[in-house]
Amino acid sequence: MPGVQAALSPSVHFIGAFDPMIRTFDIIMKTANGSSYNSYIVRGSEGVCIMDTVKKQFADQFFERLEKQCSYDEIKFIVLHHLEPDHSGALLDLMERAPQAKLIISGRAVMMLKALVKSEIEYEAVSTGKTISLGDKTITFLSTPFLHWPDTMSSYLHEEKILFSGDVFGSHYYDERLYDDEVGDFSYAFRYYYEHIMRPFKPYVLQALKLYKKYEIDVIAPLHGPILRMDPQSYIDKYEKWSTGAKYKKSIAGRKIVSVFYMSSYDNTLAMAEKITEGADAVDGIVASMYDLASLEEQNMIDLLEESNAVILGSPTINGDAVKPAWDLLACMPYLENSSKIGATFGSFGWTGEAPDMLQDRMRWLKFRLPVDPLKIKLIPNDQELMQSFNFGREVAEITMGKMVEMEL
Amino acid sequence: MAIVVFKDDNIRVKVPVGMSLRQAAMKTGASIVFGCRVGDCTECASHVSEGMILLSDKTEKELKALEMIESDIADLRLMCQCTVRCEEGEIVISQQF
């Protein structure tokens, strides 16, 4: 393992592992430049603290680097900023080698720890403000949940002004030169990581950034990719910009956005979509638009979905199912912030008409708020049914504008 | 039936005794965020600003989970862990912290 400049500062060293050949991470992410599982050691006058471990298959690299920096009996604390297996894979092995070390995790991690290790191990659960001391070094913990696991926390080393940010500010980008001012251009990987990992949790990103602002930060030490020391604030600014952007887009000239997505075989679902859009757009404070899923690229789907306050999705029923582009649209939801969206479904059908119900079920699991029953019309909508479609759109739009919904279960 | 108001969504719903607030939220489409749905992840933790007395008592599991995330849990409940226990009254729920 030649050439790694492990020292972030006199008392903090990189002891993580490199995974140059990984090409797909967590099933969903492409990693053209490989990745790293970052881990750090903090040395104080009264012992050392290990910040996270690595993926199990890379434990040898981790222990080899660790042994260059300390002996196991010096380890006072082991901190896991979250329990995802790519950072907790060497935990049990490390705890066997350093049985005196105290494991520190967040409160939300407790149940997960039990599920992960399947045995009783000792730990201390911490929340924002809890501090540990290594003599001349002090570490404060910050609760930064859901970034991107529920149990995620960050920590701050006061004397060196280093933020250990967990997966926040990470990149899947392998480069043994380690630091942002030494490695190649990883900006694409930084953005891609945000888009795939952090984007669904924008409100939590903003909450975490508020906590970080209380500290002067010289170095950000994330759990994947380059260590950020050249201009840490610029990365914080990027996260802030990306996480607030959609909020502004969620209204056009102060109006809320209702998007009607549809596919149509014989123009019947199209006719419903037109009336629904018309009905929604008739409500004060709403701008409604319709989109033909037959010609919508995935990236555009993601952006439109994210910007919409309400999503109304229409599909005919073909062979007892909704059509594939409708499912593809909903498959984009895990990539975006989806809190408090209103959803509704509709469709024309010939025989059985399950599609709107099936889509509504899927939307329920995707955490849409679904205040109205699916609207289903057999074959060609007549005038009365077109009026029904208009009213359906108007009802969804009124609820989007805050109309109180009364119901009985 | 008790009345449950999901304040963040302007939903007002009559809920029968014995039904969990998770079921009520799911059936009405309220925007309460759920994770594990079994009381471990605390993602559905919500403030009950009115009507706490109308809900089932906190179990030991729920208490433990809530104490992990907040020091003051007096008006906090996990939506997946509590049920409506009284016929009359209003329960007001919000997930805005």
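Each chain carries its own residue numbering, running from 1 in the direction its sequence is written. Chains and ligands are labelled by the order in which they are written, letters from A for the one and numbers from 1 for the other. In keeping with the model being predicted, local features are shown solely for residues with a pLDDT of at least 70 and side-chain atom pairs are shown and tallied solely at 80 or more, while totals for entire chains, interfaces and linings include all residues.

Asker: Describe the overall build of chain A, with residues and values.
Answerer: Numbering goes from the N terminus for both helices and strands, where a helix is a DSSP run of H or I of at least four residues and a strand is a run of E of at least two. Tallying secondary structure elements over chain A gives 12 helices and 23 strands in all. Expressed along its principal axes, the backbone C-alpha trace of chain A runs to roughly 80 × 45 × 40 Å. Counts of 20 or more other C-beta atoms within 10 Å of a residue's own C-beta define buried residues, counts of 12 or fewer define exposed ones, and intermediate counts define partly exposed ones; C-beta atoms are placed from the backbone. Across the 409 residues that make up chain A, the buried fraction comes to 49%.

Asker: Now, about the environment of T59 of chain B: what can you tell me, with residues and values included?
Answerer: Residue placement: T59 of chain B occurs in the loop between β3 (45-50) and α2 (60-69). Placed 34 residues apart in sequence, T59 of chain B and I93 of chain B show a C-alpha to C-alpha distance of 19 Å.

Asker: Which residues make up the sheet that holds strand β15 (residues 162-166) of chain A, and what values do they have?
Answerer: Residue and element names in this part refer to chain A. Pairing is mixed in the open sheet, where 5 strands are placed in the order β12-β13-β14-β15-β16. Looking along the sheet, the strands with just one partner apiece sit at the ends: β12 (131-133) and β16 (219-222). On average, each strand axis in the sheet is inclined to that of its neighbour by 20 degrees, with strand direction left out of account. Criterion used throughout: strands pair if DSSP finds at least two bridges between them. As paired strands, β15 and β16 are joined by 4 bridges and run parallel to one another. Note that in β16 the partner of G166 across the bridge is P222. To get an axis, a line is fitted to the C-alpha atoms, and for a helix only the part in contact is used. The angle between two axes follows their N-to-C directions and goes from 0 to 180 degrees.

Asker: Pulling in residues and values, what's your account of helix α1 (residues 21-28) of chain B?
Answerer: Taken as a whole, α1 of chain B has its buried residues at L21, A24, A25 and T28 of chain B. Each buried residue of α1 of chain B lies within a common arc of 95 degrees when the element is viewed along its axis, so the set occupies one face. We call two residues in contact when their backbone-placed C-beta atoms lie within 7 Å. Buried residues in α1 of chain B make contact with β23 (405-408) of chain A together with β1 (2-6), β2 (11-15) and β5 (90-94) of chain B. Taken from the residues just after α1 of chain B, G29 of chain B is the one with a positive phi, measuring 80 degrees. Arc, as used here, means the arc of the directions from the helix axis to the C-beta atoms.

Asker: I'd like a rundown of the pairing of β15 of chain A, residues and numbers included.
Answerer: Residue and element names in this part refer to chain A. Counting buried positions along β15 gives 5 out of 5 residues, so the element sits mostly inside the fold. Burial along β15 is two-sided: I162, F164 and G166 facing one way and L163 and S165 facing the other are all buried. Bridge count between strand β14 (residues 153-157) and β15: 3 bridges; the pairing is antiparallel. Within β15, the position partnered with L157 by the bridge is I162. Where β14 folds back on β15, the antiparallel hairpin that results is connected by 4 residues, among which K161 adopts a positive phi of roughly 55 degrees.

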